[in-house]
Amino acid sequence: MEQINRSVQVEQALLYTFLEVSPDCKFRDQLQSLQGQGGVALLKDSYCDEEEVELQTDGNRSGHLQNGEPVPDAEVYEVVRIIAAQLAEIGDQFDKEIKARAVNDLVQHFLNENLSAEEITHRMSEAVERLARAIPSDMEQEKAMLVLAMVLTKKIANTMPSLLRRVFSTTVNYINQQFHSYIVRMLRE
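We now turn to the structure provided with this report.

### A word on the side chain of K154
Along the chain, the position of K154 falls in helix α6 (residues 141–159). Residue class for K154 comes out buried when judged on its relative accessible area of 1%. Beyond its immediate sequence surroundings of up to four residues, K154 is in contact with L19, S22, D24, F27, D92 and D95.

### What about the environment of T121?
Within the secondary structure, T121 is located in helix α5 (residues 117–134). Along the backbone, T121 and F110 are 11 residues apart, and their C-alpha atoms lie at a distance of 9.7 Å. Residues within four places of T121 in sequence aside, it is in contact with T170, Y174 and Q177.

### Details of the pattern of salt bridges
Oppositely charged side chains may form a pair once their charged atoms are brought near each other. Applying the stated criterion across every chain yields a total of 7 salt bridges. Between E20 and R81 there is a salt bridge whose closest N-O contact spans 3.0 Å. Taken together, the positions of E20 in helix α1 (residues 9–21) and R81 in helix α3 (residues 74–95) put the pair 61 residues apart, joining distant regions of the chain. A residue is classified by how much of its surface remains accessible, and E20, at 28% relative accessible area, is partly exposed. Among the residues examined, R81 registers a relative accessible area of 25% and is labelled partly exposed. In this structure, E119 and R123 form a salt bridge, with 2.7 Å as the shortest nitrogen-oxygen distance.

### Points about the packing of aromatic side chains
Enumeration according to the criterion identifies 1 aromatic pair in this entry. Here the aromatic rings of Y174 and F179 are separated by 5.6 Å at their centres, their planes lie at 85°, and the arrangement is edge-to-face. Overall, the relative accessible area of 1% leaves Y174 in the buried class.

### Looking at the environment of D24
Take D24: it is sitting in the loop between α1 and α2 (28–36). You can call D24 partly exposed: its relative accessible area is 31%. Expressed as a C-alpha distance, the spacing of D24 and K154, which sit 130 residues apart in the sequence, is 8.7 Å. For D24, the contacting residues outside a window of four places in its chain are D95, K154 and N158. At 2.9 Å, the side chain of D24 forms a polar contact with the side chain of K154.

### Points about the packing of α5 against α6
Closest axis-to-axis distance for the α5/α6 pair is 9 Å, and the angle between their directions is 120°. With respect to α6, the element α5 is oriented oblique. Considering how the two elements wind past one another, α5 and α6 form a crossing that is right-handed. Taken together, the residues of α6 that come into contact with α5 (itself represented by M124, A127, V128, E129, L131 and A132) are Q141, M145, L148, A149, L152 and T153.

Each value, and the rule that gives it
- Residues numbered from 1 in each chain as written.
- Predicted model: local features only at pLDDT ≥ 70, side-chain atom pairs only at ≥ 80, totals over all residues.
- Heavy atoms only, no water.
- Helix = DSSP H or I, 4+ residues; strand = E, 2+ residues; numbered from the N terminus.
- Buried < 20%, exposed > 50% of the residue type's maximum accessible area, 1.4 Å probe, protein only.
- Contact = heavy atoms within 4.5 Å.
- Salt bridge = Lys/Arg side-chain N within 4 Å of Asp/Glu carboxyl O.
- Phe/Tyr/Trp six-rings, centres within 6.5 Å; stacked < 30°, edge-to-face > 60°.
- Polar contact = N/O pair within 3.5 Å; in protein donor to acceptor, adjacent residues only side chain to side chain.
- Axes fitted to C-alpha atoms, helices over the stretch in contact; angles between N-to-C directions.
- Parallel < 35°, antiparallel > 145°, perpendicular 65-115°, else oblique.
- Left-handed = near helix turned anticlockwise from the far one by under 90°.

Set out below in structure tokens:
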């Protein structure tokens, strides 16, 4: 199994779970295969050793921090699952607003082997920003853009399941670059 960068583990789990709980996911086999091949390190697979866990006087475990952020463990995974389910509900509302042309344009970019990962991430970012301006929303801009990125990922993979690994990786990197701090704040709420 390839070494997974710890800073993207939460983003991987959030996107994977978002896709997993989405009712119209047409690529479930590929999604499970992505996890099975080590392309996704789910938080539930990362536990703190019991010796590392200190009980506080109120009976709760002390917080484990790595670089100022919580270390992934089963409890964080459960919070991520709840957040992903909430974001998937929002995504269902946004799904209808995303035109097939926007998805097909991104599919073409992902199919273009000559485009670098950075260029594809840039195209994803542009598409998310364009959609965020076009879709009226009374929610926080960061949340709307995060959901749009995840919905685009689902729609691209629904259109061409063979692109799942590439689009998943690109989206995780995009989310990590653009929304990591926002996600950490959501986890703390």
